[in-house]
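Examining the three-dimensional arrangement
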Amino acid sequence: MVEKEMKSSISEDDGETNIINENGKRPAEDAAKDGKKRVRTKNLYRQPTAKELNRLQETENLFNSNLFRLQIEEILQEVELKEKTIKRFNEWYNSLKQYLLSISENGTDYDLSEKAITKQLKVKLPISNELNKTKAMFKFLKFKDIDIVGSYASENAISSKLIVDLQITVPAETYTKNDSINYRYHKKRAAYLAYIASHLTKSDLIENIHYSWLNGGRTKPVLDINPKGKLNNVLTVRINLICEEEAYKLHRFSPGRNNLRESWLLNEENNAEVGPPTPYYNSSVLCDLTAKINEDFIKQTLANSHNLKQAIVLLKIWIRQRKLSVSGHVISMLICCLVQMKRINNIMSSYQIIRNVWIYLKTSDWDTKGLSLCKAEDSPPIDEFLEHFPVVFLDKTGYYNICWQMCKGTYNALRRESAMAVDMLDHPKINSFIPLFMTPVVPLTQFDHIIRFKNIQDLKTSILKVVPKQNKLNYGIDELPLVVETLYSLFSKGLTDRVDLILQLVDVDFTWSVKSTPEKAQDGFEEKLSFGLVLNSSNASRIVDKGPEANLPEAEQFRLFWGDKSELRRFQDGTHTEACVWRARSPAQRRAVCAQIVDYLMHLKYGIPSSEIYHICGQLDSMLARKESGGDHMEELAVKVLQTFDELRRDLRALTQLPLEISAVYGTSSVFSYCSPAPALPSVSDPRAWRRASTCLLKLPQDDKTPYIPPYTPANKAIVELTHSGKWPGDIDAFRCLKAAFHLQISERISQQYTLPSQAYPTHVDVMKNGLAFRLEIAHPKEVTLLRREMENGVVKFKESEESVRLQCETVLLPRLRSALHGLHTKHPAYGPAACLLKRWLSSHLLSPPHLPATLAELLAAIPFLLPSPLSPPTQPTTALYRTLRLLADTDWRSQMFLLDFNDDMTREEISEIERKFTESTTKPAMFIATSYDGELPSAWSTSNPSQQVVARVQGLAKATLQYVEKGVENGEENLLGAFIPSLAGYDALIRVHSGLAPLRSERADSRPRANVSASPAGAGASPAGAGASCDVVPVLDFHLVEEYLRDLRSAYDEFALFFHDHYGGDVIAVLWRPHVKEHRDFQIINANGVRPVKVSGETKYKVNIEAIIEDFRILGKGLVADIVVNS
């Protein structure tokens, strides 16, 4: 795209090749040059033309950046209607218009309470059965004209899913004075539409014709037409009816007037009262009365305003990507209003206009002060509208609220998204175009918590029994908007500051044949109602809702709202207040407090049981519990490890009689950033001497019993830094010998000074504290320098080696990264559990390290928190996992990189340098994720793994998992753990190990939590966390029997096969042969390993002996391997 623009900028001014002189003018043509032609300059470095200079200046003044301008132009060009489509439609429209205008009056008066009209027209009236009791006489009067309105007429339509609006004005004589009450107007309108539909069914211009509800309301039907021919695949034509302005005076439909009688709606025959105001009903009529005025206003404002039209298109794309229930009409009216307020104008670029619109929406207050286009003083005051509508935006007449159907949740979402859009535009380090206009938002990844109601009909019945009569009268037969508004008010009051946004998700898009009634066509169609919650990370998990003090009048209202849940409590500050306390012991239960509140309120207010409500929030929380310890969650266990580590760190820094003091201790294991799916459990010493310490790793089986293996005890690794000294040796071997001496000294001092069990090794020290094992390693930057040093021809050179890079990652980069990830979890408590879920998902699909390194998985899980655009950082771990899977599935890893700037302190130059290295590198990793701590090793954690094939596999699995979850959520399934069950199809061989010998086998998705026991059973693993856990010897650490077997297999057979395994209790090793294994080859010394001779066309060739290798697998795993299955 950039190259295309560059090409056009060089040659776009071919007709003006004169060089501009110092006065900014071109020299006059000199006729006396013997007719010599000037040679045109087309090289890249020629002087820019005036047109190019003007464009550069425009970009600098009117757009965010040159790239942003190019992208906006590209997307506008992409969604623009094609000329041939416009030409075809205009031809089709002229034919349709001629046909419609040929409809004649028949002079018949129809009684709409009888079926004579439907028999005559041979189509059904698009009205609900509730309106059958409305009596009205109807006579068809011919309309004068048909107009194209909406986005197509205003030239701001989007080619995708295009709906062209046609508007027919019904003559005022069709309606009588009293037709404004009790849905008579709506019934006559439906009859008029049916009359038109009956004639259209005979036209050969139309492929298909059906009814639908306008904006989901059940009183305003429209006709949707599919044209014949090629237009059928491109657009839909919608015919809407409006009313002539002379039909009624507008003040008749003021928000304080009643036009729907209680006696009609509630069947109260003896009630002759007019009743309370019906602003919602009134607006359904005003919508038709004011349509022409507002349409003319839009056309007049947007006439010859190309930039305003482009801005409307961009805003429509932005809203469509976010799936907000905001119509294009509202957007167009808002743009016209801001033009009238002189906040925007046509001189501005489209970028400046949308930016100003977002800034206005961000600070707008349509819910408290409202907005009006009307300047007349005789219209109703705006305060009157604010009493009856949640959102107020008045049109040119001052009587019609354009946002009469907008829920407050939609407006809050619009305002919130606008604020986020401005923040994205102001962010100097990201290209905001992609998240703003190109990234679709899906409810599953957008919301932290979704509340879905299983039976909408029962929900309506329960709520309508309780809702005040005034509200019933206002909404009339439109029950669903009343239910939505009632539930929104309830949830807003109950959840308070726990949520940043409550948004209704209503699925009522319903179309039906003109030959059928809505009720018959609705058989099998199910309305769907959900509410999406964006939780506030600071308040969502609060378990106490503090109310007013007991002696205040508000306390009675608090008790009335919360019922038996409200109780009087005394708090630490001495106050006695009403309060509600929610049950929550584990972190998962604290994250589900909102579900508790919703279930309680729905049962208290409307008698709806929790079994009728489906919460989409914590379906995967069971994967975060350590079943070995009775279901303790990983966050609780990680906190215990961190507390013990803090104590050990203080002890280490206080050690005496060391040659060099310990200056710092940094944790490097994933548990220190809450990213370990299986944190270490406190272990106790086994009283049997033959099972103690490292005296016996394995005990051979006796009398056909299972062999004993020591419990799997992970070591929590940490880096130890000593105070500065210049006496470290300059030879790598001597350096490591001195390190080993320090390890011995530290181990001795720990044992003597604190009586902690410890064991020194040349490379590390193992220490036990509170039953937890810690592995300490001394790190010094000089060791990395020595590993880089090489001697060539007597000259010392420093060059990166594989060992030096590994050591730098483990001792320099990892401690910094671990600290940053710990801080990220502190800021966003959902990060740690989300990283654990991602690791468990990868491992369950047999992609444990080294296929995809654990640290890289943690960085992948951090992306939704550090780069959340276009969303806010997630609050629920499950939502974070879904976002990560969506990221994995949709990212083109060959051309896209991620840069994680934890503290937001990287400069634009540093970012550009990393982007340059990524672009220019010919050997870049398959996944490029750089951090602000990588230094000279960008994307250090993915340098060797994963491979391109593994990345492709992960992408395929991510897509399949999301499809499985979306289908499960759609069907209301509570158990989604099938996402963690691997498919073993496609592998060449499966090595099955004895399940009893697989460490962490109790952590598998299909295992049940173990009851807490006081002692660890033989071979079962570490004992549960409990008070008084102690260990007087250092057990065998990090002994994972299956991983040890895998290490041997990879060491010996890596050139022949790839091996896949689930680290967390998997009892299957999947084998995939490399592509060359089944090929025939000539004999060579370098590849003579593992081959056997075969005859091919009389010649002796060599082929890998797969049968012998599989037998080797069995021999190497004797005692561990139960069976090997070879897939044909």
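Every chain's residues receive numbers from 1 upward, in the order its sequence appears when written. Given that this is a predicted model, residues contribute local features only at a pLDDT of at least 70 and side-chain atom pairs are listed and counted only at 80 or more, while totals for whole chains, interfaces and linings are drawn from all residues. To obtain the side-chain values, all non-hydrogen atoms of the structure were included, while hydrogens and water were left out.

Structural notes on the sheet that holds strand S31 (residues 1068-1073)
- Pairing between two strands requires that DSSP report at least two bridges joining them. Helix and strand labels come from DSSP, where a helix needs a run of H or I of at least four residues and a strand needs a run of E of at least two; each type is numbered from the N terminus. Read from one edge of the open sheet, four strands run S30-S31-S29-S34, paired in antiparallel fashion. This sheet does not close on itself; its edge strands, each paired only once, are strand S30 (1057-1061) and strand S34 (1121-1126). Each adjacent strand pair in this sheet contributes to an overall mean axis angle of 20°, direction not counted.
- Judged from the five bridges that link them, strand S29 (residues 989-993) and S34 form a sheet pairing that is antiparallel. Its bridge partner being in S34, Leu990 is matched across the sheet by Val1125.
- Where helix H34 (residues 1041-1053) meets the sheet, it contacts S29, S30, S31 and S34, and its direction lies at approximately 170° from that of S30.
- Against the sheet, helix H35 (residues 1106-1116) touches S29, S30, S31 and S34, its axis set at about 160° to S34. For helices, the fitted axis covers only the stretch in contact; all axes are lines through C-alpha atoms, and the angles between them, taken along N-to-C directions, range from 0 to 180 degrees. In what follows, residue pairs with any heavy atoms lying within 4.5 Å of each other are defined as contacts.

Digging into unusual backbone geometry
- In the segment running from Pro849 into Pro850, the intervening peptide bond is cis, with an omega of 15°.
- One can find Pro850 in the loop between helix H29 (831-844) and helix H30 (854-866).
- The residue after Asn945, namely Pro946, is reached through a cis peptide bond having omega 5°.
- Residue position: Pro946 is located in the loop between strand S28 (929-931) and helix H33 (948-970).
- A positive phi angle is found at Asp904, which is not glycine, with a value near 55°.
- Position of Asp904 among the secondary structure elements: in the loop between strand S27 (898-900) and helix H32 (908-920).

A word on the pattern of salt bridges
- By salt bridge we mean one thing: a side-chain nitrogen of Lys or Arg within 4 Å of a carboxyl oxygen of Asp or Glu. Counting across every chain of the model gives 49 salt bridges.
- For Glu966, the salt bridge goes to Arg886, with nearest N and O atoms at 3.3 Å. Taken together, the residues Glu966 in helix H33 and Arg886 in helix H31 (residues 877-890) connect sequence positions 80 residues apart.
- Exposure classes here rest on a 1.4 Å probe applied to the protein chains alone. A residue is buried below 20% of its type maximum, exposed above 50%, and partly exposed in between. On the basis of relative accessible area, Arg886 is assigned to the partly exposed category, the value being 29%.
- What you see here is one network of salt bridges that share partners, running through Arg736, Lys739, Glu777, Glu783 and Glu803.

Fair warning: the whole summary comes from geometry, so function is off the table for now.
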